There are 2 protein chains.
Amino acid sequence: MRRAIATVSLSGTLEEKLAAAAQVGFDGVEIFEADLLTSPLSPAQIRRRCADLGLTIDLYQPFRDFEGVTPERLAANLRRAAQKFDVMADLGADTMLVCSSVVPGTDGDDELAASQLRRLAELAATRGMRIAYEALAWGRHVDDYRHAWQIVAAADHPALGVCLDSFHILSRGDDPAGIRDIAGDKIFFLQLADAPRLGMDVLQWSRHYRCFPGQGDFDLAAFVGHVLAAGYDGPLSLEVFNDVFRQADAGRTATDALRSLIALEEAIAPDHHEKAAIEKAANLDGYAFVELGVDALGGELAERMLHGMGFARVARHRSKPVHLWQQGEARILLNRARSTGDEVAITAMGLESDDPAASARRAEALLAPPVPRRYGPGEADLTAVEAPDGTSIFFCRTDGAAADANWLGDFERLGEFERPGGEEAPAGEEAPGGEEAPGGEEGPGGEEAPAGEWGIARVDQVSLSQPLHYFDEAVLFYRSVVGLRRHDPEDIPDPRGLVHARAMTSAGSRVRMLLHVPALGGSRLPGTADFQHVAFACGDVFAAAVAMRAAGVPILAIPDNYYADLAARVDLDPERIEVMRSHGILYDRTDDGELFHFYTAMLGRRVFFELVQRVKDYDGYGTPNTPVRMAAQYRVSRGIPGGSTAGSDP
Amino acid sequence: MRRAIATVSLSGTLEEKLAAAAQVGFDGVEIFEADLLTSPLSPAQIRRRCADLGLTIDLYQPFRDFEGVTPERLAANLRRAAQKFDVMADLGADTMLVCSSVVPGTDGDDELAASQLRRLAELAATRGMRIAYEALAWGRHVDDYRHAWQIVAAADHPALGVCLDSFHILSRGDDPAGIRDIAGDKIFFLQLADAPRLGMDVLQWSRHYRCFPGQGDFDLAAFVGHVLAAGYDGPLSLEVFNDVFRQADAGRTATDALRSLIALEEAIAPDHHEKAAIEKAANLDGYAFVELGVDALGGELAERMLHGMGFARVARHRSKPVHLWQQGEARILLNRARSTGDEVAITAMGLESDDPAASARRAEALLAPPVPRRYGPGEADLTAVEAPDGTSIFFCRTDGAAADANWLGDFERLGEFERPGGEEAPAGEEAPGGEEAPGGEEGPGGEEAPAGEWGIARVDQVSLSQPLHYFDEAVLFYRSVVGLRRHDPEDIPDPRGLVHARAMTSAGSRVRMLLHVPALGGSRLPGTADFQHVAFACGDVFAAAVAMRAAGVPILAIPDNYYADLAARVDLDPERIEVMRSHGILYDRTDDGELFHFYTAMLGRRVFFELVQRVKDYDGYGTPNTPVRMAAQYRVSRGIPGGSTAGSDP
């Protein structure tokens, strides 16, 4: 299918928009009238520019409120149309979009509309052009695509057809299956936009919140399926009015846009193509590793904290200043060659893929930018792509099944004497305070881990701040390129502003991510705006808290008021709550299970760790407690009394 | 009336919120539960903190979904309430807010609700406390304040009353007059919030878009009038959930909040007070002057452009490096002592007030921060206040009627030989090209100015960029402190992002302002994000364009495509359009009249000028043409071909 984008979806001048669309590989554009009117290029120059770029001009939309008017107004409208046909002839565009009238004073009589549109089509036909009539969701008389089609059918002119716009149809909740009743050759154009379900005035919703397919809540695969079943064979064209895209870099938006179309085509492929054009997302079985880029100070701080948390330094990279710290299946790479300006930052994630090569091919097909790497002799040919926030994503396998992608082959194991974290690693030891740690029937995690063994088992989740205004792009990236499922969005209040968050989970929940971004830009951002964290799953957070306290790991203190409220809210044993209070352990409960979790203090300016213990089938991220965590972090960052770390001075 | 604010309306920690509320002069606070739970201060410590700050704790809102539940759930809820009464006792708060239940599984039977709320009230009474029951607009069974009052009346307990929230009532379009039917002593609390009409899901609307009274579209004066008429004598309390306020500086938000209450009290005063507490807004009769702060380069550039535009340097300040340039009644001060980091920036406006002293007293009463000034001997005691964007606002008179405030007395007039702009000023001269300039029946401005006299008459409008996220504050400032009327908001697309704009006009339209701000923050802002401009009214923009071109003033070029479309849209004489094209003159038309206008090139990085000619009763700001202007400015700023200035090389 040919792929097109409306110039209104991209920022900048018309020339910049065209260049961006061509650069990423779009086949055509819709030219929005305001972009032409504000351009010093003549229509003929625009035509040449597009031809040079390999772009067709698939649609021009110069005016509305054409039909249902008085004879005098019709004459004026036809005169104006004639002038716009001149412009289109110069542009080399042959299809004009005409939206259903919205102004007061127009007549809603269908016969009148049909006869006037027929007049326009006759005029268009003399120029070798055609008219695509579209029902706006807020059209005054015609707001339903079936109604627009009735009028077009009644007008019965070969140069008159309909334009279908997914937003105008799906925003109203109309059944798109009726599209199959439209003659395929009378569907002159197809405009695609997704949108989040916002329950707001449809005009404002359309003008500010449209987004690319897969970024909203509409079922565009089913929608396009109906259109293709009707026999449409024109371009899939994105027409997205979106405040963010208007402000974003045009090249970045164009990439995001094309990725959304490729993913959409994949979703509709089973019905309409012999085979999907791109590789399926491989199954992901967890985190192979999380890499922290560290500077000299950050490296020291990270080693000290990891050591206190029971990690051991087990291997070093053959050619780079990278060390592997491990506990259970949790692996942290400390990379001293990748400093970010922060003491510590999450710079890469290794995802365990059942088929790393297929994952890499899929990522490439979906326009994920490759991360250039230099290889030392004998190192694995790891493919990495760059996520929208700059994090490198490696698809790899830790077992030996795929030798190529076994990243551990790049590391040489350290002897015991080289492993400063090894000899003291508390994993497997009887944790101090073990008698008090839960292990009985009511104890969290009693089912999962034997009492006294609290060790970290694996990376449970990674939480990454996203660049301002690129949140939808990031969600689509992780959804399409990585193959994660997105959860419903949540708003979380930080003391200095609202934060949007979206959890993303792989099938089987072995890879969990949490993406977050401030709700508003500006010079005053939430303190947590660029925080990142790694949560580790462990069998007994109570024992872990005791052991980490003994090892001197600073823990984030949680206010007493939280525990007083917890006691009023839930039926936990008061003594249990008292232990939680003393260790800063938080609690969440759903119908599926329970979560006990606590946070370390900051490691540098951006990063912290979390220890989580999921009880039964708890599948969440503990977000009800996130405001409490953010407020505590805010206090610490500002040096406000009460912001000390738990257990540091009991 | 006592004035209170909910802690949720301010950013930061609880201590920071309390300090900000007390600092600006609030009498009390509502403590939002999340603020207490995340605070390390105990309830007793919070009570002491509030007492030290002179704040009462007027309301606590610890839970919801109390009523309409099973007996078991009721017992649990009462246990929890008892614990919350303990917290309230420690806080010294005696009123608990209970919102109508929203969860599924609750029973909508009114008798059940009344009996359960009575149980809660009985428990509260034993603690000397009381329950204020509020209908949420999205309550499951109770969403109307009249319904909540029926239940409260049926429960018939002295410790049970209603809480009225303006948002929950006005968002639904409910008639607030029914409030007069509620017994005054049963209205336990009054929460105030305004909101823009957004036509969206009421829950999201409430959580993100509430604003302070006067910033939205609700008639809060009438609303509060009903509540006072019912006999309510408790505090006016602002409960505003707003994404911006969550992120803004708490002190700034608190000032904005208190200003909104003072203005609200003024609006309801005629009915409920002997006299308004603050001075009425004085009539404004135009701009006395606009001051440009300039550095050395900016001063030179400004002088050259003003000279070319026909201004003359007529006076200099007695003690400061400030010169007055004048043409007609348009006065520009070039102030070399007020540099802003930009070559040229608008730093002050003098507004002609019928009573400058009264205007100053009003501004002070409305918390406008005074601008500290140093006076030289014999200088007028001008009072200035600082607008939210940092611009100084002077209330003054240019005539001699009020000697104190006659700011011109600070200036000494220059002799002819000292007036470089004087001898060549084209005002009054026959403009070159005068034959072609319109003057006949169809000519714009033919009614207003004799042919050949194109001189600038006065400042028509000033357009000021506003700081990100403080747009509502700015609109309220100019509305309340300065006394301007606000127009409907508009969204204007700049090539690099959407811009919100709001016109503000004085009674009689002698003072016009346009405030604008990027719709989104972030590192990539619209190029026009911090632009400012002064528009001058003149009798004949055609002649002005010719004269200014002859004088070498660079004019912003407008693309030919604009004029091709104009010819298709309106019935202007093609020759006229050709003249407009050659001079970059734009056109707008409403039912009231016409506007012809053009723009100069930039003067420094931020400022430009506009010349406008209003025909008949055109009362707008030419905003349909603003995207064209912004796109042209964007091209110039980026050095993109086609962005040259009109007439510079015909």
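What counts and how
- Residues numbered from 1 in each chain as written.
- Chains lettered and ligands numbered in written order.
- Predicted model: local features only at pLDDT ≥ 70, side-chain atom pairs only at ≥ 80, totals over all residues.
- Heavy atoms only, no water.
- Contact = heavy atoms within 4.5 Å.
- Buried area = accessible area lost by both parts, 1.4 Å probe.
- Salt bridge = Lys/Arg side-chain N within 4 Å of Asp/Glu carboxyl O.
- Polar contact = N/O pair within 3.5 Å; in protein donor to acceptor, adjacent residues only side chain to side chain.
- Nonpolar A, V, L, I, M, F, W, Y, C, P; charged D, E, K, R; others polar.
- Pairing = 2+ DSSP bridges.
- Helix = DSSP H or I, 4+ residues; strand = E, 2+ residues; numbered from the N terminus.
- Axes fitted to C-alpha atoms, helices over the stretch in contact; angles between N-to-C directions.
- pLDDT = per-residue confidence, 0-100.
- Parallel < 35°, antiparallel > 145°, perpendicular 65-115°, else oblique.
- Left-handed = near helix turned anticlockwise from the far one by under 90°.
- Buried < 20%, exposed > 50% of the residue type's maximum accessible area, 1.4 Å probe, protein only.

Student: Teacher, can you tell me more about the interface of chain A and chain B here?
Tutor: The partner chain B presents 60 residues to the 60 residues of chain A that form the contact. Carbon and sulfur atoms supply 53% of the area buried between chain A and chain B, which totals about 4,600 Å² over both sides. Our enumeration of links across chain A and chain B arrives at eight salt bridges. For K84(B), the salt bridge is made with D565(A), and the minimal N-O distance between the two is 2.6 Å. In this structure, the connection of chain A to chain B is made through 34 residue pairs in polar contact (both at pLDDT 80 or more). Across the side of chain A that touches chain B, the residue classes tally to 28 nonpolar, 16 polar and 16 charged.

Student: In this structure, what is going on with the sheet that holds strand β25 (residues 607-616) of chain A? I would like to understand it.
Tutor: Paired through backbone hydrogen bonds, the strands of a sheet run either parallel or antiparallel to each other. All names here are of chain A. Taken together, the eight strands give an open sheet; going across it, the order is β18-β19-β20-β17-β21-β25-β24-β23, and neighbouring strands pair in mixed fashion. Single-partner strands in this sheet number two, and they are β18 (485-494) and β23 (586-589). Across the sheet, the mean angle from the axis of one strand to that of its neighbour is 25°, orientation sign disregarded. One ladder, built from four bridges, connects β23 with strand β24 (residues 593-599); its direction is antiparallel. Pairing of D588 across the sheet is with L595, part of β24.

Student: Would you take a moment to explain the confidence of the model for chain A for this structure?
Tutor: Detailed reading of the predicted coordinates is not advisable wherever pLDDT falls low. All names here are of chain A. Looking at chain A as a whole, its pLDDT mean stands at 90, while 89% of the residues score no less than 70. Within the model, pLDDT remains below 50 along residues 420-452, and this stretch shows 47 contacts once partners closer than five positions in the same chain are excluded. Among the prediction metrics, the complex's ipTM stands at 0.89, with pTM recorded as 0.91.

Student: Would you explain the packing of helix α1 (residues 14-24) of chain B against helix α3 (residues 43-53) of chain B in this entry?
Tutor: Think of two packed helices as two axes; the pair is described by the angle between the axes and how far apart they sit. All names here are of chain B. With their axes 10 Å apart at the nearest point, α1 and α3 run at an angle of 20° to one another. The orientation of α1 with respect to α3, classified from their angle, is roughly parallel. Handedness of the α1/α3 crossing: right-handed. Together, L14, E15, L18, A19 and A22 of α1 and I46, R49, C50 and L53 of α3 make up the contact between the two elements.

Student: I would appreciate a short explanation of the pattern of salt bridges in the present structure.
Tutor: Pairing is possible between side chains of opposite charge, provided their charged atoms come close. In the structure shown here, the tally under the stated rule is 74 salt bridges over all chains. Among the ionic pairs, E279(B) bridges to R361(B), the shortest N-O distance being 2.8 Å. Here E279(B), found in the loop between α11 (250-272) and β9 (284-294), pairs with R361(B), found in helix α13 (residues 356-365); they are 82 residues apart in sequence, far enough to count as distant. For R316(B), the salt bridge is made with E412(B), and the minimal N-O distance between the two is 3.4 Å. Taken together, the residues R316(B) in strand β10 (residues 312-317) and E412(B) in strand β16 (residues 411-413) connect sequence positions 96 residues apart. Classification of E412(B) by relative accessible area gives partly exposed; the value is 31%. Several salt bridges share partner residues, and in doing so they unite E33(A), R80(A), K84(A), D565(B) and R569(B) into one network.

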